[in-house]
Amino acid sequence: MGRSQETYNKKEKEKRKLQKRKEKEARKEARKEAGGKSSLDDMIAYVDEFGNITSTPPDPQKKKEEIKAEDIVLGARNSGDFAEEEGKRQGVVNFFNDSKGYGFIKDLNTGDSIFVHVNGLVDTIKENDKVEFDTERGPKGMNAVNVTLKK
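Residues numbered from 1 in each chain as written. Predicted model: local features only at pLDDT ≥ 70, side-chain atom pairs only at ≥ 80, totals over all residues. Heavy atoms only, no water.

## Notes on the pairing of strand β4 (residues 102–107)
Inference 1: Only one face of β4 is covered, namely the face carrying G103, I105 and D107; the face carrying Y102, F104 and K106 is uncovered.
Inference 2: Direction of pairing for strand β3 (residues 89–97) relative to β4: antiparallel, over a ladder of 6 bridges. Opposite N97, over in β4, you have Y102 as the bridge partner. (Buried < 20%, exposed > 50% of the residue type's maximum accessible area, 1.4 Å probe, protein only. Helix = DSSP H or I, 4+ residues; strand = E, 2+ residues; numbered from the N terminus. Pairing = 2+ DSSP bridges.)

## A look at the confidence of the model for the protein chain
Inference 1: Across the protein chain, the average pLDDT comes to 84, with 85% of residues at or above 70.
Inference 2: No element of the protein chain has a lower mean pLDDT than helix α2 (residues 40–43), which averages 72, and none a higher one than β4, which averages 94. (pLDDT = per-residue confidence, 0-100.)

## Some points on the sheet that holds strand β7 (residues 141–149)
Inference 1: Taken together, 5 strands build a closed barrel; the order of strands is β3-β4-β5-β7-β6 and the barrel is mixed. For this sheet, the mean angle separating the axes of adjacent strands, direction not counted, is 50°.
Inference 2: With 2 bridges joining them, strand β5 (residues 113–117) and β7 adopt parallel strand pairing. By the bridge assignment, F115 is partnered in β7 with N143. (Axes fitted to C-alpha atoms, helices over the stretch in contact; angles between N-to-C directions.)

## Observations regarding the pattern of salt bridges
Inference 1: Throughout the structure, instances matching the rule amount to 4 salt bridges.
Inference 2: For D107, the salt bridge is made with R89, and the minimal N-O distance between the two is 2.4 Å. Note that D107 is positioned in strand β4 and R89 in strand β3, a separation of 18 residues in sequence. Accessibility classification places D107 together with R89 in one group, the buried group.
Inference 3: Among the salt bridges present, the one from K126 reaches D129, with a minimum N-O distance of 3.7 Å.
Inference 4: Judged by relative accessible area, K126 falls into the exposed class, the value being 55%.
Inference 5: Residue classification places D129 among the buried residues on the basis of a relative accessible area of 13%. (Salt bridge = Lys/Arg side-chain N within 4 Å of Asp/Glu carboxyl O.)

## A look at a positive patch on the surface
Inference 1: A cluster of basic residues, K10, K13, R16, K17, K20 and R21, forms a positive patch on the protein surface.
Inference 2: By the element assignment, K13 lies in helix α1 (residues 8–35). (Patch = residues over 30% accessible without salt bridge, like charges linked within 9 Å, V, L, I, M, F, W, Y side chains within 5 Å. Areas by Shrake-Rupley, 256 points an atom, 1.4 Å probe, with all protein chains shown as cover. Lys, Arg positive; Asp, Glu negative; His and termini not counted. Charge placed at Lys NZ, Arg CZ, Asp CG, Glu CD.)

## Focus: the packing of aromatic side chains
Inference 1: This structure, assessed with the given rule, holds 5 aromatic pairs.
Inference 2: Taking the centre distance of 6.4 Å and the plane angle of 35° together, the rings of F95 and F104 count as tilted.
Inference 3: Judged by its relative accessible area of 32%, F95 is partly exposed.
Inference 4: On the basis of an interplanar angle of 90° and a centroid distance of 6.3 Å, the ring pair of Y102 and F104 is categorised as edge-to-face.
Inference 5: Judged by relative accessible area, Y102 falls into the partly exposed class, the value being 25%. (Phe/Tyr/Trp six-rings, centres within 6.5 Å; stacked < 30°, edge-to-face > 60°.)

## Quick word on unusual backbone geometry
Inference 1: In this structure, N128 takes a positive phi of about 70° despite not being glycine.
Inference 2: One non-glycine residue, N146, lies in positive phi territory at about 55°.
Inference 3: In this fold, N146 is placed in strand β7.

Now the structure itself:
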């Protein structure tokens, strides 16, 4: 009758638990010896003027560049700033969809493809027509307006 209630499996589980506790305590001690607690300063990241993430804070004596609110452009960027030219520009309609009411005109001088909407037409156009047009800046780039067939 004097047999123990603990089985081999229960003893092994207890040994594993004790071992894990000892390992955890050892890691905790190693962290304390290595430099104490991890501080908030070790976790902070900064962003430099070029948008790169760095661990060093920005220099407070460095002069900051002032930017005017008028210079900020929201929306799609163009590859270059187009100067609106005075007078009519000439081009060829390389695509026009009557059912959707839009298309593109290839400028003969610059080779640019310029968006045209049916609201900007004076005459009805179709593909490969030679046209004259003015341009204006739209929300996504240059748009052709006052589009007329070239005579």
